[in-house]
Amino acid sequence: LKLLVVGAVPDPDGLDLLLLLGWFATCASLRSLATLGGATLRHAARVVPAPGPPHPDPAVARLLVCVGLCNAACCAAGAALFRGVGPHVLGLLLFDCAHLWAGITGAGARWAAEWADRRAGEGGAGGAVDVTRRAIAERVAYASEVATGALTCAHLLHVWTLHGLRFNVIDAIIALNLHAAAGGAARKVAERRRAERLEDELRERFELADEQDRLKAEATGDVCCICLGELAVDVRRMGCGHLMHASCLREIVERAGSVEAAKCPLCRATAVDGTHDRPSSDDEAAEV
């Protein structure tokens, strides 16, 4: 695909080829750094040293900021250096910058959602605000991921338009990449819809803990058995009576595969109605 971009430049000379090579190498390096920084931030948000909510690693945060600034500089430099090649080729070149911006935004939003979720688990006066921030960050992350897939599809269609349909190996490569990008975007949309349906089901089948439940948990020192956070904000009551954060309950249901199959981690009762599975005849014979 990069060779097609080079081939679209009219009468390229040695300097043009050198500039394009440097451009692609710089964009690839920035993309690698952004991927590394985003993965590190997501890992740091999940593995939290007690006590307290997670805080971004200053080095990684600075790395992502530097990558964003370098990406903006590359975008401006590319627009200035390649302005003579025409809008179509310039759009192909600047695709890498737009794709990188979407990736950085998605990585930061995913970390922000994890950060707000942990802060909500810590309780305090700002717990409800943190729940709202988590929801907003999840929407931004979802929009960034879908935008990444849409940009990739638009880029491939643009390349295909410039190259033309010739029914050769290059057409097959473009078609395969387009199918993969469209399939990835469709999976993101399907995952988001499943998550929204699960949220609705959890709200319908598990009632919110009332003030008396929260005060009792605070008096006895009870915490969420999943994240070990205070049971202060966005707490749901399971069928067995145990309390848990809504996000932690969602994690249990996702691991079980369905709401009906989910069980309380403390008493092993079914999460919906609080009943215990009857032991089988084999288990009873073994106990005897």
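Structure: above.
In what follows, the accompanying structure is described.

Basis of the calculations
- Residues numbered from 1 in each chain as written.
- Predicted model: local features only at pLDDT ≥ 70, side-chain atom pairs only at ≥ 80, totals over all residues.
- Heavy atoms only, no water.
- Core = buried A, V, L, I, M, F, W, Y, C linked by side-chain atoms within 4.5 Å.
- Buried < 20%, exposed > 50% of the residue type's maximum accessible area, 1.4 Å probe, protein only.
- Helix = DSSP H or I, 4+ residues; strand = E, 2+ residues; numbered from the N terminus.
- Contact = heavy atoms within 4.5 Å.
- Phe/Tyr/Trp six-rings, centres within 6.5 Å; stacked < 30°, edge-to-face > 60°.
- Lys NZ or Arg CZ within 6 Å of the ring centre and 35° of its normal.
- Axes fitted to C-alpha atoms, helices over the stretch in contact; angles between N-to-C directions.
- Parallel < 35°, antiparallel > 145°, perpendicular 65-115°, else oblique.
- Left-handed = near helix turned anticlockwise from the far one by under 90°.
- Nonpolar A, V, L, I, M, F, W, Y, C, P; charged D, E, K, R; others polar.
- Disulfide = S-S within 2.5 Å.

### Points about the nonpolar core
In this structure, Leu-202, Phe-206, Met-238, Met-244, Leu-249 and Val-253 are the most contacted members of the largest nonpolar core, which totals 19 residues. Mapped by element, the contributors of at least two residues to this core are helix H6 (169–205), strand S2 (243–245) and helix H8 (246–256). The leading source of residues in this core is H8, at four residues. Those residues in contact with Leu-249 that lie beyond four places of it in its chain are Leu-202, Phe-206, Arg-236, Met-238 and Met-244.

### Here's the deal with the packing of aromatic side chains
Within this structure, the stated rule accounts for zero aromatic pairs. Just above the ring of Tyr-142 sits the side chain of Arg-192; from NZ or CZ to the centre is 5.4 Å.

### Brief notes about the packing of H6 against H8
At their nearest, the axes of H6 and H8 sit 11 Å apart, and the two run at 115 degrees to each other. Between H6 and H8, the interaxial angle falls into the category roughly perpendicular. Our pair here, H6 against H8, has a crossing hand that is right-handed. Seen from H6, the contacting residues are Leu-198, Glu-199 and Leu-202; seen from H8, they are Ala-246, Leu-249, Arg-250, Val-253 and Glu-254. Grouping the constituent residues of the contact of H6 with H8 by class yields five nonpolar, no polar and three charged.

### Things to note about the side chain of Arg-237
Along the polypeptide, Arg-237 turns up in strand S1 (residues 235–237). In this structure Arg-237 comes out as buried when scored by relative accessible area, which is 18%. Each residue touching Arg-237, except ones within four places of it in the same chain, is listed here: Phe-206, Glu-207, Leu-208, Ala-209, Asp-210, Asp-213, His-242 and Leu-243.

### Remarks on the state of the cysteines
Summed over the entire model, instances satisfying the criterion amount to zero disulfides. Cysteine Cys-75 remains unbridged, with the sulfur of Cys-97 as its closest cysteine sulfur at 4.7 Å.

Coordinates in, geometry out; function isn't part of it.
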